[in-house]
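Remarks on the overall topology
Spelled out, the chains give:
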Number of protein chains: 2
Amino acid sequence: MSNIETRIKSLQRAMRVKRVDAFLVLNIKNIRYLTGFTGSSAFAFITRDRSFFFTDFRYKEQAENEVRYSERGLEKGKRIFLIKNLMKKLGIKVLGFESSVPFDFYDVLRQLQVTLTPLNGLVEQLRLVKDSEELQSIKEAIKRAEEAFMATKPRIRPGITESAVALRLEEELKKRGCRRIPFDIIVASGRHSSMPHAGQTDKKLEKGDFVIIDWGGEAGGYYSDMTRTLLLAGPDMGPKKKIYDIVNRAREKAISEVREGIKSSDIDAAARNFINDAGYGDYFGHGTGHGIGLDVHEGPRISWMSREPLSSGMIFSIEPGIYVPDFGGVRIEDLVLVEGDTGRTLTTLNRKLEIING
Amino acid sequence: MSNIETRIKSLQRAMRVKRVDAFLVLNIKNIRYLTGFTGSSAFAFITRDRSFFFTDFRYKEQAENEVRYSERGLEKGKRIFLIKNLMKKLGIKVLGFESSVPFDFYDVLRQLQVTLTPLNGLVEQLRLVKDSEELQSIKEAIKRAEEAFMATKPRIRPGITESAVALRLEEELKKRGCRRIPFDIIVASGRHSSMPHAGQTDKKLEKGDFVIIDWGGEAGGYYSDMTRTLLLAGPDMGPKKKIYDIVNRAREKAISEVREGIKSSDIDAAARNFINDAGYGDYFGHGTGHGIGLDVHEGPRISWMSREPLSSGMIFSIEPGIYVPDFGGVRIEDLVLVEGDTGRTLTTLNRKLEIING
């Protein structure tokens, strides 16, 4: 059975549990997951024992190449009429739909006069656990990101601007085959490094700056996400080394907890308690990590609020940080795969503090 | 009155017509339009005579700098509780919300036990007509895009890959200050040029290829969008020149129709009829244009289905094309501003067929 076929069959099992006759899939990432289609406009209509895929004429040829398992059709005119006819033909009485659809579309669905069941994250639930093909893509996305970083690193010196570093890194990612950049690269130096969601500015890197670099790669539609923090030699090296060391050990603590069955909140707690005990609890305001795959942020959330137990095959970030206003910040982020009793760290770049002289 | 204040007051007038006491704004572009906030998480709550803005701690400082006109508050905990308290305090009985919100969020709003009124495109309607500040940003976005193209053009030669051209163009856009690339740049050559929504591949440009390049710039959050088609000298130059000429004249025909009060469909018809009469009607499958601003695709649509009359201050693309399968395609796209009795073409790059020898 192909991966795609396995995914559809798992979805059909979940649909039985939810008691829907059919499930309408509009989220383009979910469609890609269920059909292999990489274009940007389509919908999938899954019944208990069949799987339909529709796109418009622009993607006809592409769909013929990519969509093998589902029955293919072409969209023309209003989507709702097509859905209506299909439902009539198949005798669908209870239609499930993604609860993430716009209210507008829900309002249109109401015309169908069938029972409508909003389903929250039905496909996303399947996407939590990665299969071998997905793991390969994520590994490749990591490799591209790491190589791009290594090619960029020699430029990271006092005097270069944050945005020049980001631009170079982006070029290197694209050169290595990343068709999309998963998110705007963060290069946050000095005072900016103390703002967890700083972007990049025309500020020049200066001696004594922490430089947080948060970036990701892509391969086969799957993303990677990682963060490294470098230190430019300068004043206050003692306290800076200390903060770096706390974050790095918090990262290790969290990763050492990763295993099948553990709750996300326990992993978060491992990092958070360590940072609390070191006296920096007020400076770690965000969650410890997030799942990654076709979306750069997906389940599982690794946070104090997330009590779901982990399963083998889940891949997520571990990214504790400490951000001291007007002083600077550190974040270190790895991607980790749950593998039975352990967590396997997929990212390989050095995490020891690198001090750049120059 | 500042532009922001004018926008809020226009929205409040529209709210009166729709008989809502308050309007909840979640779309981040609409929030930017109404408040000036450039961050990525916030909401706005507009009543008949007041305007509130909320973001979380990450954007506190940024909001203080950017959001001048609205009353600012910080989000903490669940958004719905904050909205509930605000509504209670202000005595709101009828709440308008953007009909584009996810069904999920609508489902949460239902807890409020007030009258909920979905409103389709209330802010988007205001955004159709650009004010002087917006026009300046779009002009700058065009300038950056045009300069980036001119810097890239010498590379467009047989032997270079489509993706190398796209990568270079993207670099040149970023160098000129574009913080975002509005959409994946299209570089579609030879056979690919006959697919209107081709992306870019590792295919090398070859002699005789049409090369469609569709790209945009950004400035101050506003986008530009333009397309040029070059021809690499090679076989079949006669029929290729002919197709190019038809598309270019169709573009001129459409632009010459632009004026206040005309229906979008009449502009579309001007281009479409010309292409039909030339015998290529079957090869022009998409609409003639689309509005642009904070979104790369917004109103007005310039299509056969769109009967709204145009107003001065609207800015949109005019982009007819002819795509002949297995032969090649041409698209030429300009941005046009409605100015009273005429349409002013904002893009300035040459539209005469450029034939590249080499």
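These figures come from a predicted structure and were not determined experimentally.

Section: the pairing of strand β5 (residues 94–98) of chain B
Residue and element names in this part refer to chain B. Most of β5 sits out of view: five of its five residues are buried. A two-sided burial pattern is seen for β5, the buried positions comprising V94, G96 and E98 on one face and L95 and F97 on the other. In the sheet, β5 pairs with strand β6 (residues 115–119) via five bridges, with the strands oriented parallel. The residue bridging G96 from the neighbouring strand is T117, located in β6. Since β5 and β6 lie parallel, the crossover through helix α5 (residues 103–109) that links them has a hand, and here it is right-handed.

Considering the packing of helix α9 (residues 237–257) of chain A against helix α10 (residues 264–277) of chain A
Any two packed helices are characterised by how steeply their axes cross, that is the angle between the axes, and by the distance between the axes. All names here are of chain A. The N-to-C vectors of α9 and α10 enclose an angle of 155°; their axes lie 8 Å apart at closest approach. Accordingly, the angle class assigned to the pair α9 and α10 is roughly antiparallel. Classified by chirality, the crossing of α10 by α9 is right-handed. Residue-level contacts link I246, R249, A250, K253, A254 and E257 of α9 to I267, A270, A271, F274 and I275 of α10. Class assignment of the residues belonging to the contact of α9 with α10 gives a composition of eight nonpolar, no polar and three charged.

What about the confidence of the model for chain A?
Per-residue pLDDT for chain A has a mean of 95; in total, 100% of the residues score no lower than 70. Both confidence scores are given for the complex: pTM 0.86, ipTM 0.82.

Looking at the sheet that holds strand β3 (residues 51–55) of chain B
All names here are of chain B. Here we have six strands laid out as an open sheet, ordered β4-β3-β2-β1-β5-β6, and mixed in their pairing. Of all the strands in the sheet, just β4 (71–74) and β6 have a single pairing partner and so form its edges. When strand polarity is set aside, the average angle formed by the axes of neighbouring strands in this sheet is 25°. Pairing geometry for β3 and β4, over four bridges, is parallel. By the bridge assignment, F53 is partnered in β4 with R72. Contacting β1 (22–25), β2 (43–47), β3, β4 and β5, helix α4 (residues 79–90) runs over the sheet at an angle of about 15° to β2.

What to know about unusual backbone geometry
Residues and elements named next belong to chain A. In this model, G299 is joined to P300 through a cis peptide bond whose omega is -5°. Looking at the element boundaries, P300 is found in strand β13 (residues 298–302). Not every positive phi belongs to a glycine, and D236 is a case in point at roughly 60°. Structurally, D236 can be placed in the loop between β11 (226–232) and α9. Overall, the relative accessible area of 46% leaves D236 in the partly exposed class.

Some thoughts on helix α1 (residues 3–18) of chain A
The end-to-end C-alpha distance of α1(A) is 23 Å, a good match for the 22 Å that 16 residues give at a rise of 1.5 Å each. Residues I4(A), R7(A), I8(A), S10(A), L11(A), Q12(A), A14(A) and M15(A) constitute the buried set of α1(A).

Thoughts on the domain arrangement of chain A
Residues and elements named next belong to chain A. Looking at chain A, the domain boundaries give domain 1 (3–127) and domain 2 (132–356). Spacing between the C-alpha centres of domain 1 and domain 2 amounts to 35 Å. Contact with domain 1, which involves six residues of that partner, is made by nine residues of domain 2. Carbon and sulfur atoms supply 32% of the area buried between domain 1 and domain 2, which totals about 720 Å² over both sides. Summed over the three residues of domain 1 that lose the most area to domain 2, namely K29, R32 and R127, the buried surface amounts to 61% of that side. At the junction of domain 1 and domain 2, the tally comes to three salt bridges. Among the salt bridges present, the one from K29 reaches D295, with a minimum N-O distance of 3.1 Å. Linking domain 1 with domain 2 are six residue pairs in polar contact (both at pLDDT 80 or more).

Examining the interface of chain B and chain A
The partner chain A presents 29 residues to the 29 residues of chain B that form the contact. Roughly 2,300 Å² of surface becomes buried between chain B and chain A when both sides are summed, with 51% attributable to carbon and sulfur atoms. For E61(B), the salt bridge goes to R191(A), with nearest N and O atoms at 3.6 Å. Counting across the chain B and chain A interface gives eleven residue pairs in polar contact (both at pLDDT 80 or more). For the side of chain B that touches chain A, the secondary-structure elements that each account for two or more residues are α5 and α8 (162–175) of chain B. Broken down by element, the residue count for the side of chain B that touches chain A peaks at five residues, all from α8(B). Looking at the side of chain B that touches chain A, its residues break down into nine nonpolar, seven polar and 13 charged.

Rules and cut-offs
- Residues numbered from 1 in each chain as written.
- Chains lettered and ligands numbered in written order.
- Predicted model: local features only at pLDDT ≥ 70, side-chain atom pairs only at ≥ 80, totals over all residues.
- Heavy atoms only, no water.
- Buried < 20%, exposed > 50% of the residue type's maximum accessible area, 1.4 Å probe, protein only.
- Helix = DSSP H or I, 4+ residues; strand = E, 2+ residues; numbered from the N terminus.
- Pairing = 2+ DSSP bridges.
- Right-handed = clockwise from strand over helix to strand, strands pointing away.
- Axes fitted to C-alpha atoms, helices over the stretch in contact; angles between N-to-C directions.
- Parallel < 35°, antiparallel > 145°, perpendicular 65-115°, else oblique.
- Left-handed = near helix turned anticlockwise from the far one by under 90°.
- Contact = heavy atoms within 4.5 Å.
- Nonpolar A, V, L, I, M, F, W, Y, C, P; charged D, E, K, R; others polar.
- pLDDT = per-residue confidence, 0-100.
- Expected span 1.5 Å × (residues − 1).
- Domains from an automatic or database assignment.
- Buried area = accessible area lost by both parts, 1.4 Å probe.
- Salt bridge = Lys/Arg side-chain N within 4 Å of Asp/Glu carboxyl O.
- Polar contact = N/O pair within 3.5 Å; in protein donor to acceptor, adjacent residues only side chain to side chain.

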